[in-house]
Number of protein chains: 2
Amino acid sequence: MLRKVKPSRRRSGCPVSISLETLGDRWSLLVIRDLMVRGYRTFKQFEQSDERIATNILADRLRRLERNGIISAEADPTDGRRMNYRLTEKGIDLAPLLLELLIWGARNEETMAPGELIGKMEQNREGVIAEVRRRWRERDSTPMLPSFANTRPARN
Amino acid sequence: MLRKVKPSRRRSGCPVSISLETLGDRWSLLVIRDLMVRGYRTFKQFEQSDERIATNILADRLRRLERNGIISAEADPTDGRRMNYRLTEKGIDLAPLLLELLIWGARNEETMAPGELIGKMEQNREGVIAEVRRRWRERDSTPMLPSFANTRPARN
DNA sequence: CCGGATCCGTTTCGATACTG
DNA sequence: CAGTATCGAAACGGATCCGG
């Protein structure tokens with residue numbers, strides 16, 4: 001019994017494997033969205049985001065995202081006990097992916113936003129991405145659009 | 001004790017919620033990739049894909065994706081016992097998302113493909129997406145590129 | 001054979017309480 | 001505030017079984 005389930009024919013050089021170890025769960029992309037689009041930076045902000053992630057899961061995801069080089073963590077200069085999380089370059093590179101996810105959701109899931117806003121972003125993908133990059137480069141932590149925020153942008 | 005965890009301030013009209021009920025797991029997007037890019041159509045093909053999903057999980061994901069209107073299932077006309085799964089319009093709309101995921105992985109994850117191929121796709125996002133749509137419209141089930149396939153495209 | 005369903009041990013998740 | 005600890009619930013996944 002117990003035949004060897006053909007261990008060959010793996011690694012068959014198919015170049016479309018996609019890496020979902022880090023992103024293939026319910027929470028990681030939400031944290032990234034909060035960082036990228038809402039301007040969130042701290043544990044508390046993520047925790048109080050709409051979807052109510054549990055604290056242990058949040059801690060785990062933050063660690064995982066950091067291990068994977070998608071975010072970085074540094075102590076707040078003005079308040080040592082507070083951590084500030086930021087997207088790395090690799091994390092910022094997720095902007096196109098996130099934008100497409102937003103567009104898809106707005107188009108196909110009726111639980112989503114009205115879509116007028118998204119429609120405009122869809123017309124101007126390049127511009128939106130460029131704006132995300134510009135803001136991160138200048139450490140501009142205001143949310144991408146006023147209505148994107150549901151807390152103030154942590155101006156100290 | 002047991003304070004009410006402030007049930008207000010939900011539904012705060014933040015238009016950037018993203019829907020990961022269906023896609024936020026390790027397998028759903030892989031199945032969609034197999035459909036979209038590899039030309040897979042049957043349970044067996046998905047099962048034998050590189051990542052080795054368990055049959056019960058695969059059955060569950062196929063059902064979920066169908067419930068969510070992302071794929072459809074119909075009996076094969078030439079072989080009644082075989083099911084053919086296809087992307088719906090909603091599923092095809094995931095092409096841009098999937099493309100961005102591929103590009104991101106190729107760029108940032110060293111476990112990924114050489115990337116030359118992906119680089120070309122990156123130069124021509126619109127073209128790639130249009131090609132995906134064309135093929136699905138014409139029920140052309142050959143994989144997007146020869147090297148994308150690791151089994152033959154199920155010609156019977 | 002094909003597309004699953006069922007069983008069952010293991011892993012992960014997630015709500016809550018707790019801590020430095 | 002920023003996380004740990006705990007523990008029950010859910011999901012996973014390997015193996016096997018089954019109807020057509």
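See the structure shown above.
Draft legend 1. Up close: the packing of helix α1 (residues 28-38) of chain B against helix α5 (residues 95-108) of chain B. All names here are of chain B. Between α1 and α5, the shortest axis-to-axis distance is 11 Å and the interhelical angle comes to 105°. Comparing the axis directions of α1 and α5 gives the class roughly perpendicular. Where α1 abuts α5, its residues Leu 29, Ile 32, Arg 33 and Met 36 lie against Ala 95, Leu 98 and Leu 101. Considered class by class, the residues forming the contact of α1 with α5 number 6 nonpolar, no polar and 1 charged.

Draft legend 2. Main features of the protein's contact with DNA strand D. Taken together, the neighbourhood of DNA strand D is formed by 17 residues, with A:Thr55, A:Arg82, A:Tyr85, B:Arg26 and B:Arg61 sitting nearest. Counting only the atoms of DNA strand D within 4 Å of the protein, the fraction contributed by sugar and phosphate is 61%. Taking A:Lys44, its side chain carries an N or O atom lying 2.9 Å from a phosphate oxygen of DNA strand D. At a separation of 3.0 Å, a phosphate oxygen of DNA strand D approaches a polar side-chain atom of B:Trp27. Those elements that provide at least two residues to the surface near DNA strand D are α2 (43-47), α3 (55-67) and β2 (79-87) of chain A together with α3 (55-67) of chain B. Of the residues in the surface near DNA strand D, the class split is 6 nonpolar, 4 polar and 7 charged.

Draft legend 3. Structural context of the side chain of A:Lys90. Tracing the chain through its elements places A:Lys90 in helix α4 (residues 89-92). Dropping the residues within four chain positions of it, A:Lys90 is found in contact with A:Asn68, A:Gly69, A:Ile70, B:Trp104, B:Asn108 and B:Glu109.

Draft legend 4. Expanded view of the environment of B:Glu109. Among the structural elements, B:Glu109 can be located in the loop between α5 and α6 (116-123). Here B:Glu109 falls in the buried class, since its relative accessible area comes to 11%. Excluding its chain neighbours within four sequence positions, the residues that come into contact with B:Glu109 are A:Ser19, A:Thr22, A:Lys90 and B:Trp104. Within the structure, B:Glu109 has its side chain in polar contact with the side chain of A:Lys90 (distance 3.1 Å).

Draft legend 5. A look at the packing of aromatic side chains. All names here are of chain A. Enumeration over the complete set of coordinates arrives at 2 aromatic pairs over all chains. Aromatic side chains Phe 46 and Tyr 85 sit 6.2 Å apart centroid to centroid with 55° between the ring planes, which places their arrangement in the tilted category. A residue pair is termed long-range when its members are at least 10 positions apart, and Phe 46 in helix α2 and Tyr 85 in strand β2 qualify at 39 residues. Comparing Phe 46 with Tyr 85 shows no difference in burial state: the two are buried.

Draft legend 6. Layout of the protein's contact with DNA strand C. Taken together, 18 residues surround DNA strand C, and among them A:Trp27, A:Asn56, B:Lys44, B:Arg63 and B:Tyr85 come closest. In DNA strand C, the atoms that sit within 4 Å of the protein are 61% sugar and phosphate, with bases accounting for the remainder. Here a phosphate oxygen of DNA strand C and a side-chain polar atom of B:Lys44 are 2.4 Å apart. Taking B:Arg63, its side chain carries an N or O atom lying 2.7 Å from a phosphate oxygen of DNA strand C.

Draft legend 7. Expanded view of the pattern of salt bridges. All chains considered together, the criterion is met by 41 salt bridges over all chains. With a closest N to O distance of 3.4 Å, B:Arg107 and A:Asp93 form a salt bridge. Here B:Arg107, found in helix α5, pairs with A:Asp93, found in the loop between α4 and α5 (95-108), and the two come from separate chains. Its salt-bridge partner being A:Arg135, residue A:Glu131 comes within 2.7 Å of it at the nearest N-O pair. Pair noted here: A:Glu131 and A:Arg135 are both in helix α7 (residues 125-137), with a separation of 4 residues, about one helical turn. The exposure class of A:Glu131 is partly exposed, given its relative accessible area of 23%.

Draft legend 8. View of α3(A). Residue and element names in this part refer to chain A. With 13 residues, α3 extends 18 Å between its outermost C-alpha atoms, agreeing within 8% with the 18 Å of an ideal straight helix rising 1.5 Å per residue. Among the residues making up α3, those that are buried are Leu 58, Arg 61, Leu 62 and Leu 65. Taken down its axis, α3 places every buried residue within 100° of arc, on the same side. Of the residues in α3, the exposed ones pointing more than 90 degrees away from the buried face are Asn 56, Arg 63 and Arg 67. Those residues of α3 that are buried are in contact with α1 (28-38), α2, β1 (71-76) and β2.

Cut-off values and rules
- Residues numbered from 1 in each chain as written.
- Chains lettered and ligands numbered in written order.
- Predicted model: local features only at pLDDT ≥ 70, side-chain atom pairs only at ≥ 80, totals over all residues.
- Heavy atoms only, no water.
- Axes fitted to C-alpha atoms, helices over the stretch in contact; angles between N-to-C directions.
- Helix = DSSP H or I, 4+ residues; strand = E, 2+ residues; numbered from the N terminus.
- Parallel < 35°, antiparallel > 145°, perpendicular 65-115°, else oblique.
- Contact = heavy atoms within 4.5 Å.
- Nonpolar A, V, L, I, M, F, W, Y, C, P; charged D, E, K, R; others polar.
- Near = heavy atom within 4 Å.
- Polar contact = N/O pair within 3.5 Å; in protein donor to acceptor, adjacent residues only side chain to side chain.
- Buried < 20%, exposed > 50% of the residue type's maximum accessible area, 1.4 Å probe, protein only.
- Phe/Tyr/Trp six-rings, centres within 6.5 Å; stacked < 30°, edge-to-face > 60°.
- Salt bridge = Lys/Arg side-chain N within 4 Å of Asp/Glu carboxyl O.
- Expected span 1.5 Å × (residues − 1).
- Arc of directions from axis to C-beta.

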